[in-house]
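Results of the structural survey
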Amino acid sequence: MTLLLKAWGLYARLTARYPAIRSIVPFIPVVALWAAVAEAEVFPRAFFPGPLEVARSFVSLVYKGILPDYLEDSLLRLAVGTAAGMALGIPLGVLVGLNARARAMLWPVLLFFQAIGDIAWLPILLIWFGFSLTTMTFVIVYTVLFPVVLNTALGVRRVPVELHRAARSLGASHARVVWEVVLPGALPNIMTGLRNGLGYGWRALIAAEIIVGTSGIGFLMFDARRAGSVVEILLGMIVLGLLWYIVDSWVLAPIERATGQRWGLVTQ
Amino acid sequence: MKNLTLRELSKTYFDPYAGAHLTAVHDVSLTVQQGEFVSIVGPSGCGKTTLLNMIAGFIPVSGGEILLDGRAVKGPGPERGVVFQSFALFPWKTVLENVAFGPKMRGLPRPECESVAREYLALAGLAHAADRYPNELSGGMQQRVGVVRALANNPDVLLMDEPFASVDAQTRMTLQEELTRIWQERRPTIIFITHDVGEAVFLADRVVVLSKGRVLKELGVALPRPRAWDLVIEDSAYKAVSAEVLHLVRSA
């Protein structure tokens, strides 16, 4: 027990000095298990390749420029779709959150369309827009929109009425109250909406790329299935997981630390 | 003179549970002179917060009118500053940005907003906390910020709604003494709502006792200023007025 505790203490000190270790070490047992199962040839090697084969395929696909190109395509689609989804979703969420009449009119409609789901739109989108960027962008915007709208509206309604009153009695117009009070007050919830929206959007994008498929990580994986290359399918899966981890820890978490957590609106 | 006049002010609510209209404030008439410090004291449910919310313009009046400098007030406005029981500081703004908020909304240029805010922070002994966020301060310090944020806007009337009710007893005494000091320095008109009889008498020139939405009695407080608790607590005039107000509040 004491030995384990000492080891954990050492690990804690190490990660405090080199935070990167914290994101690598937890994956060592996972990769080791994977390697062990692959080496033991529990399944035929072609169906269940080991980490080394996947790493080799990673190097070769990067070298050929396929992986960087596809990654760029996927990320660009996600970025454009997410930006558009937020640009639509945040104002709509503020409107629904602040205005009882807008809420009464829009809420049932929002719930209705939320239930239809992103992929369920693909059949009709393929007829309307074909196998195009428009189809994929629509799916992502649609997916991102609802978590952002619903969470923004929730956040807006959770801003205490005293803060509205304080701002008004200090001379703020209604428009300034929205900018100075409502939006920052709702920011933790908007971030939750963005986090959910990005997560769903990322999944929807992969699904759309598999079906619409001309390029992108989803296309890479589905194309690999056609060629029977399990290595590349596994590579695609790993890239998906890694990318999400990077977006979360390099983009979302720092924003949250600098805003809601700093302000004491959410507990660390 | 920018007097505040309440003329037969009343507020009626519809209570959906009782299925009837309830009168929270009933024909209250009151005149507050410029520079005067008035406490409104009463038991909970006497309508004192409703009264303040009407003067602040947060809720509409059901009858009567509120005149400031002879003109009827409508909705919230910067000429009536408010200090809240819950402090109501903006958590995403630093102490300095909170205090500079009013001047910023008035459209003052940025350096001027900042210098006004720093001046008022110094007045409350908060200069060192300018760059901190409200959640990093104690309750007493947060409410000091709340008071100077309202004052920095240079309002005609300062409306204070049980501002010291949620800080500890020692801090409350300090804040009360600081408030009387700041009031003597700047002479804003103050309407101070409280359920604490001692606080009402200690702070004000005049105490208005409110009961069941009506003015029960008005009493003048002729205590010398500056006021400090260690002296006031032994003062016979303080004791006499407090005893009378307490009697009125408890019999209400």
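Residues numbered from 1 in each chain as written. Chains lettered and ligands numbered in written order. Predicted model: local features only at pLDDT ≥ 70, side-chain atom pairs only at ≥ 80, totals over all residues. Heavy atoms only, no water.

Things to note about the overall build of chain A
Along the backbone of chain A there are 12 helices and zero strands. For the C-alpha atoms alone, the extent of chain A along its principal axes is close to 70 × 65 × 30 Å. A burial count over chain A gives 39% of its 268 residues as buried. Contacts in chain A between residues at least 24 apart in sequence constitute 67% of all its contacts with a sequence separation of at least 6. Working note: accessible area of chain A is about 15000 Å², and carbon and sulfur atoms make up 71% of it. Here chain A contributes 21 positive and 14 negative side-chain charges, whose respective centroids are spaced 13 Å apart. (Helix = DSSP H or I, 4+ residues; strand = E, 2+ residues; numbered from the N terminus. Buried < 20%, exposed > 50% of the residue type's maximum accessible area, 1.4 Å probe, protein only. Contact = heavy atoms within 4.5 Å. Areas by Shrake-Rupley, 256 points an atom, 1.4 Å probe, with all protein chains shown as cover. Lys, Arg positive; Asp, Glu negative; His and termini not counted. Charge placed at Lys NZ, Arg CZ, Asp CG, Glu CD.)

Observations concerning the domain arrangement of chain B
All names here are of chain B. Per the domain assignment, the segments of chain B are domain 1 (4-79 + 156-251) and domain 2 (86-154). Taken over C-alpha atoms, the centre of domain 1 sits 24 Å from the centre of domain 2. With 18 residues of domain 1 at the contact, the number on the domain 2 side is 14 residues. The largest per-residue losses of area from domain 1 upon contact with domain 2 belong to Leu158, Ile182 and Arg186, which jointly make up 35% of the total buried on that side. Seen at the junction of domain 1 and domain 2, the total is two salt bridges. For Glu178, the salt bridge identified is with Arg144, shortest N-O distance 2.9 Å. If you list the elements that add at least two residues to the side of domain 1 that touches domain 2, you get strand E7 (157-161) and helix H6 (169-186). The dominant element in the side of domain 1 that touches domain 2, judged by the number of residues it contributes, is H6, at nine residues. Each residue belonging to the side of domain 1 that touches domain 2 can be placed in one class, and the counts come to 10 nonpolar, three polar and five charged. (Domains from an automatic or database assignment. Buried area = accessible area lost by both parts, 1.4 Å probe. Salt bridge = Lys/Arg side-chain N within 4 Å of Asp/Glu carboxyl O. Nonpolar A, V, L, I, M, F, W, Y, C, P; charged D, E, K, R; others polar.)

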